[in-house]
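If you want the building blocks of each chain, they are given just below.
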Protein chains: 2
Amino acid sequence: MEGDKNEAKGKVGDQVMQNPQALAALQERLDSVTHSPSVMDSLPASVRRRVNALKNLQVKSAHIEAKFYEEVHELERKYAALYQPLFDKRKDIVTGTVEPTDEECEWQSDHEDEELADELQKKASIEEPKEEAAAEENPKGIPEFWLTIFRSVDMLSDMLQEHDEPILKHLQDIKVLFSGPGEPMSFKLEFHFEPNNYFKNTVLTKVYKMKSEPDSEDPFSFEGPEIIDCEGCEIDWHKGKDVTVKTIKKKQKHKGRGVVRTVTKQVPTDSFFNFFTPIKVSPDSELDEDSEFTLATDFEIGHFFRERIVPRAVLYFTGEALEDDESFEEEELDEGEEEDQDDEMDEEEEEGDSKSGEAQPAECKQQ
Amino acid sequence: MEGDKNEAKGKVGDQVMQNPQALAALQERLDSVTHSPSVMDSLPASVRRRVNALKNLQVKSAHIEAKFYEEVHELERKYAALYQPLFDKRKDIVTGTVEPTDEECEWQSDHEDEELADELQKKASIEEPKEEAAAEENPKGIPEFWLTIFRSVDMLSDMLQEHDEPILKHLQDIKVLFSGPGEPMSFKLEFHFEPNNYFKNTVLTKVYKMKSEPDSEDPFSFEGPEIIDCEGCEIDWHKGKDVTVKTIKKKQKHKGRGVVRTVTKQVPTDSFFNFFTPIKVSPDSELDEDSEFTLATDFEIGHFFRERIVPRAVLYFTGEALEDDESFEEEELDEGEEEDQDDEMDEEEEEGDSKSGEAQPAECKQQ
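An unreviewed UniProt entry annotates chain A as Nucleosome assembly protein 1-like 4b originating from Astyanax mexicanus. The annotation that UniProt attaches to chain A under Sequence similarities (unreviewed entry) is "Belongs to the nucleosome assembly protein (NAP) family."

Given below as structure tokens:
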């Protein structure tokens, strides 16, 4: 309710997939929705049994709703194919494979800004040597397109480390692929890289598995598909280039002999690339609170890539989408949990401790 | 992010129509998403023009998205027909037209509570005279089903006045009807009443008109259909029964002659039934800030009826849905705006002033 009271046309509508605030709602949803005995107990038995009949109808309703969401997923698949040519064109322009025509670059509302910028540009070029200016004025495609987005979006910049940046300069595209009609509901994020000196993979993937059916124990909490698990991929790092580990030196004192020697040891470290080795949900093992939080954050990030970053990347690049999401991100991160965890992490690392935290799931059981 | 950090399966999913927090998001959305010059201006002209090409692709994307939402609306229409038999059955049970079978009333997780309640019931029945207990023990259907919901949901109880309650005891059903395939996108709320002494209508209606296309001035703000207008209905009140007006006495002093006489005057007053005479959006007149806020609140309420109350009425009756929405409602009303307005109202009314406020749109241009 903050914000536009000045707008008569309250932005009230059907929010399908596009609303990041949905995440906050989801996070807040209590999974312990229990039957409130106070209301029911005050009712005569005959009325109470009728209310139970309504509750049984409500369970049937939840199952119809689940089918509805499956059809929405189908619809998303169908529309993904319609968006794809636009996304492919985006990739071509970003990578410099295609130079857009003047007509394609015409942006109405910009004219004034552009003239201003052109002037600034001219002024600048007077001050710098000609050759340098020329090179800077015509780079290939849109340099650091995706890296700029990673830097601008809080949820991503929280994961981003300095050593990740040169690698992400090679990121050329992010794609979302939906599971097919017969398959269990899921989506896959594909991170496409140009050949680079860091790893051999050209595509890094992360699959998010979803569930779209009411829980039999708690059918009324059903609100649509939810992410229930995710799977990363193995990164085939070139020797010495793995930014998810760092080498530390540790002094070891031999028991008895008392000789001190220095050993080197590889320990996990913060990196966006830990995104590809998420904590594994296992039916037989309980996750501790930290791991659960880390996993919930991972699911949010996956959802955010799918719902916001990939469909409207250019708006995150220019900053136009950031204002929209601001309140969302504040809510997402308002506990300061993540940052606190990061801080702890850093301290521990300095001591050569390999205990993992936020973006560094070394404790996780990997498959 | 408040709440269930303890839950590994972060409730992240596709939120279609079902998420009331969407409203908060919508309210917060800035409609003044403007191009951020700082990022663009720092780019070389050649890159800037490529970014503009991406923005043009993004506009195309928004138009595809609008078609997606139209298809979702179609899907909702299709599913409305699937839910309807369940809603009809609900109405029959609520009104006592149909007595559900024992099997239909079997509610697994309740057994313990029920036994407890039965015991309490027995104890209570010992204390009260037999006949009275018998009558109370077997009322028709589920008495005050909808009124109880109005009382429990903050957004509705804020509108509810004491004089509305006896009328709402006659409310038998609320239906949502979607616009057809060829028609402009809209939905209609139907409030079905049993014959009563207050008004002649058996159905009161409120239609919400929607728009599902990107604004040509600001295409990037498009997030799906939004409510743009609504239309109420005329209530054919029985003489002296109109709860939306009250009669006040006012002393008038004749100028010159100095004679004081008492006149009675009908002035608008708070009532839920003002919901059926909303402020009219007119293209040629600007709404003041209060009216805009009132209208935005009205749109939220309409959306809430459609998304939450009607699909899951029994859960609002038992209180099971209330916890889910709690955080949402806090956000909705956290400015205390509404209450402030109500307070002002009361004072003004006591002075016999007919200036309208929150739920009392006397200043509005009605068609």
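On we go from here.
**Student:** Sorry if this is basic, but what is going on with the confidence of the model for chain A here?
**Tutor:** Detail in the predicted coordinates should be disregarded across regions flagged by low pLDDT. All names here are of chain A. Residues at a pLDDT of 70 or more form 69% of chain A, whose mean pLDDT is 78. Of the regions scoring below 50 in pLDDT, residues 327-367 engages in 89 contacts with residues more than four places distant in sequence or in other chains. Model confidence for the complex: the whole-complex pTM is 0.75, and ipTM, which rates the interface, is 0.75.

**Student:** Mind showing me how you'd approach the packing of aromatic side chains here?
**Tutor:** Aromatic rings considered in pairs are described by the distance between their centres and by the relative angle of their planes. Residues and elements named next belong to chain B. Within this structure, the stated rule accounts for 54 aromatic pairs over all chains. Taken together, a centroid distance of 5.6 Å and an interplanar angle of 80° make the contact between Trp237 and Phe273 edge-to-face. One end of the pair, Trp237, is in the loop between strand S4 (226-231) and strand S5 (245-253); the other, Phe273, is in the loop between strand S6 (260-268) and helix H10 (289-309), and 36 residues separate them in sequence. Accessibility classification places Trp237 together with Phe273 in one group, the buried group.

**Student:** Where do I start with the sheet that holds strand S3 (residues 203-211) of chain B in this structure?
**Tutor:** Sheet strands pair via backbone hydrogen bonds, and the direction of the pair is either parallel or antiparallel. All names here are of chain B. An order of S1-S2-S3-S4 is seen for the 4 strands of this open sheet, with the pairing classed as antiparallel. Across the chains shown, the open sheet's two edge strands, defined by having one partner strand only, are strand S1 (171-178) and S4. Going across the sheet, the axis of each strand differs from the next one's by a mean of 20°, ignoring polarity. Summarising the sheet, S1 and strand S2 (residues 186-193) pair through 7 bridges and their orientation is antiparallel. Along S2, the bridge assignment pairs Asp173 with His192. Lying over the sheet, helix H7 (residues 145-152) contacts S1 and S2, oriented at roughly 75° with respect to S1.

**Student:** Mind showing me how you'd approach helix H9 (residues 289-309) of chain A here?
**Tutor:** Note on helix geometry: an α-helix contains 3.6 residues per turn, so any two residues three or four positions apart are oriented the same way. Helix length check: H9 of chain A, at 21 residues, gives a terminal C-alpha distance of 28 Å against a target of 30 Å (1.5 Å per residue), a fit within 8%. For H9 of chain A, the N-terminal cap is Asp288 of chain A; the gap from its side-chain oxygen to the backbone nitrogen of Asp290 of chain A is 3.2 Å.

**Student:** Just checking my understanding: could you explain the environment of Arg90 of chain B for this structure?
**Tutor:** You can see Arg90 of chain B is positioned in helix H3 (residues 45-95). For the pair Arg90 of chain B and Lys250 of chain B, spaced 160 residues apart in sequence, the C-alpha separation works out to 48 Å. Those residues in contact with Arg90 of chain B that lie beyond four places of it in its chain are Leu54 and Leu57 of chain A together with Trp146, Asp173, Ile174, Val310, Pro311, Arg312 and Ala313 of chain B.

**Student:** Sorry, what's going on with the pairing of S5 of chain B here?
**Tutor:** On any regular strand, side chains alternate: one points to one face of the sheet, the next to the other face. Here 9 bridges tie S5 of chain B to S6 of chain B, and the two strands are oriented antiparallel to one another. Within S6 of chain B, the residue paired with Lys249 of chain B across the bridge is Thr264 of chain B.

**Student:** For this particular structure, what's the right way to read the nonpolar core?
**Tutor:** Side chains of a nonpolar character, in soluble globular proteins, are inclined to be buried together. Core analysis: the biggest nonpolar cluster contains 150 residues, and Phe191 and Phe273 of chain A together with Phe191, Phe273 and Phe305 of chain B have the highest contact counts within it. Filtering out sequence-adjacent residues up to four positions away, Phe273 of chain B remains in contact with Asp164, Ile167, Leu168, Phe193, Phe199, Leu204, Ile235, Trp237, Val243 and Thr244 of chain B.

**Student:** Can you help me understand the environment of Glu226 of chain B in this one?
**Tutor:** Residues and elements named next belong to chain B. The residue Glu226 is located in strand S4 in this model. On the basis of relative accessible area, Glu226 is assigned to the buried category, the value being 13%. Separated by 28 residues in sequence, Glu226 and Tyr198 place their C-alpha atoms 34 Å apart.

**Student:** Can you walk me through the sheet that holds strand S3 (residues 203-211) of chain A in this structure?
**Tutor:** All names here are of chain A. Read across the sheet, 4 strands follow the order S1-S2-S3-S4 without closing on themselves; strand pairing throughout is antiparallel. One side of each edge strand has no neighbouring strand; the edge strands of this open sheet are strand S1 (171-178) and strand S4 (226-231). Recorded for the sheet is a direction-independent mean angle of 20° between the axes of neighbouring strands. Docked against the sheet, helix H3 (residues 45-95) engages S1 and strand S2 (186-193), running at close to 170° with respect to S1. Across the sheet, H9 lies against S1, S2, S3 and S4, angled at about 75° from S2, the strand it touches most.

**Student:** Sorry, what's going on with the pattern of salt bridges here?
**Tutor:** Close approach of charged atoms allows side chains of opposite charge to pair. Inspection of the entire model under this criterion finds 36 salt bridges over all chains. Note that Arg49 of chain A and Asp102 of chain B form a salt bridge whose closest N and O atoms lie 2.6 Å from each other. Within this pair, whereas Arg49 of chain A is found in helix H3, its partner Asp102 of chain B is found in helix H4 (residues 102-105), the two belonging to separate chains. Among the residues examined, Asp102 of chain B registers a relative accessible area of 60% and is labelled exposed.

Criteria and thresholds
Residues numbered from 1 in each chain as written. Chains lettered and ligands numbered in written order. Predicted model: local features only at pLDDT ≥ 70, side-chain atom pairs only at ≥ 80, totals over all residues. Heavy atoms only, no water. UniProt positions renumbered as here; feature names shortened; annotations may be inferred. pLDDT = per-residue confidence, 0-100. Contact = heavy atoms within 4.5 Å. Phe/Tyr/Trp six-rings, centres within 6.5 Å; stacked < 30°, edge-to-face > 60°. Helix = DSSP H or I, 4+ residues; strand = E, 2+ residues; numbered from the N terminus. Buried < 20%, exposed > 50% of the residue type's maximum accessible area, 1.4 Å probe, protein only. Pairing = 2+ DSSP bridges. Axes fitted to C-alpha atoms, helices over the stretch in contact; angles between N-to-C directions. Expected span 1.5 Å × (residues − 1). Polar contact = N/O pair within 3.5 Å; in protein donor to acceptor, adjacent residues only side chain to side chain. Core = buried A, V, L, I, M, F, W, Y, C linked by side-chain atoms within 4.5 Å. Salt bridge = Lys/Arg side-chain N within 4 Å of Asp/Glu carboxyl O.

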